[in-house]
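# Summary of the model geometry
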Amino acid sequence: MEPSQQGGPDPASEEVNPAYLQQLRELDIPEEAAKQALIHTRNVSAEEAAMYYFNKLENEEEVDDDLIFKMVFVVNMDLSMGVGKVAAQVAHAAVGLYQALQEKNSWREMAWKWDRTGAQKVVMQGTNMPHLLELQALAMSLSLPTYLVQDAGQTQVEPGSRTVLALIGEEELVSNVTGSLKLL
């Protein structure tokens with residue numbers, strides 16, 4: 001678990017009142033956010049932690065209202081994949097990327113913001129496997145989460161073929177990686 005991004009206490013290092021935590025969970029506050037709110041308010045009460053959480057959320061929404069997030073899928077056009085195969089590979093990429101987004105608090109938050117701002121998805125054309133690897137390296141250098149599908153090779157492509165690269169992030173950063181590509 002990563003430390004709070006505002007330099008506050010690390011939620012993993014402090015205990016929270018389980019009764020207060022349960023009350024916050026009943027308000028549909030995510031568990032990690034509820035724990036952080038309790039720690040930041042020193043476990044005074046569930047009400048205090050809820051006020052902290054909702055005030056923080058409201059302030060973040062005001063700051064982030066201008067940000068748009070985008071998920072992009074880059075298909076390896078060097079492979080001879082039929083329409084159904086491409087659709088299945090893009091689906092694998094979407095699921096793989098979404099699962100990867102659950103690994104870090106900041107990535108889970110990005111997924112939430114992406115969903116809240118319309119869950120924009122775009123499918124683009126990549127040249128070949130080295131091109132997908134190059135785009136992935138650029139995305140990773142910009143701290144964008146990525147997922148690269150490696151096919152099992154049971155149908156239309158050779159085993160180990162890299163079929164689709166998925167990435168997500170703030171629209172401007174994603175465009176730095178994929179903005180010159182053609183739509184599929």
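Residues numbered from 1 in each chain as written. Predicted model: local features only at pLDDT ≥ 70, side-chain atom pairs only at ≥ 80, totals over all residues. Heavy atoms only, no water.

Going by the annotation in an unreviewed UniProt entry, the name recorded for the chain is peptidyl-tRNA hydrolase, with Anguilla anguilla given as the source organism. Per UniProt, the comment on the chain under Sequence similarities (unreviewed entry) is "Belongs to the PTH2 family." (UniProt positions renumbered as here; feature names shortened; annotations may be inferred.)

## Details of the overall build of the chain
A count of helical and extended segments in the chain gives seven helices and four strands. In sequence order, the chain lays out its α and β elements as α-α-α-β-α-α-β-α-β-β-α. By the burial criterion, 39% of the 184 residues in the chain qualify as buried. Taking the contacts inside the chain whose residues are at least 6 apart along the sequence as the reference set, 68% of them involve residues at least 24 apart. For the chain, the exposed area adds up to about 10400 Å²; of that, 50% sits on carbon and sulfur atoms. (Helix = DSSP H or I, 4+ residues; strand = E, 2+ residues; numbered from the N terminus. Buried < 20%, exposed > 50% of the residue type's maximum accessible area, 1.4 Å probe, protein only. Contact = heavy atoms within 4.5 Å. Areas by Shrake-Rupley, 256 points an atom, 1.4 Å probe, with all protein chains shown as cover.)

## Description of the pairing of strand S4 (residues 162-170)
Where burial is concerned, most of S4 is hidden: seven out of the nine residues are buried. Here seven bridges tie strand S1 (residues 69-76) to S4, and the two strands are oriented antiparallel to one another. Residue Lys70 lies in a different strand from S4, and its bridge partner there is Gly169. In the sheet, strand S3 (residues 146-150) pairs with S4 via four bridges, with the strands oriented antiparallel. Bridge pairing in S4 links Gln150 to Arg162. (Pairing = 2+ DSSP bridges.)

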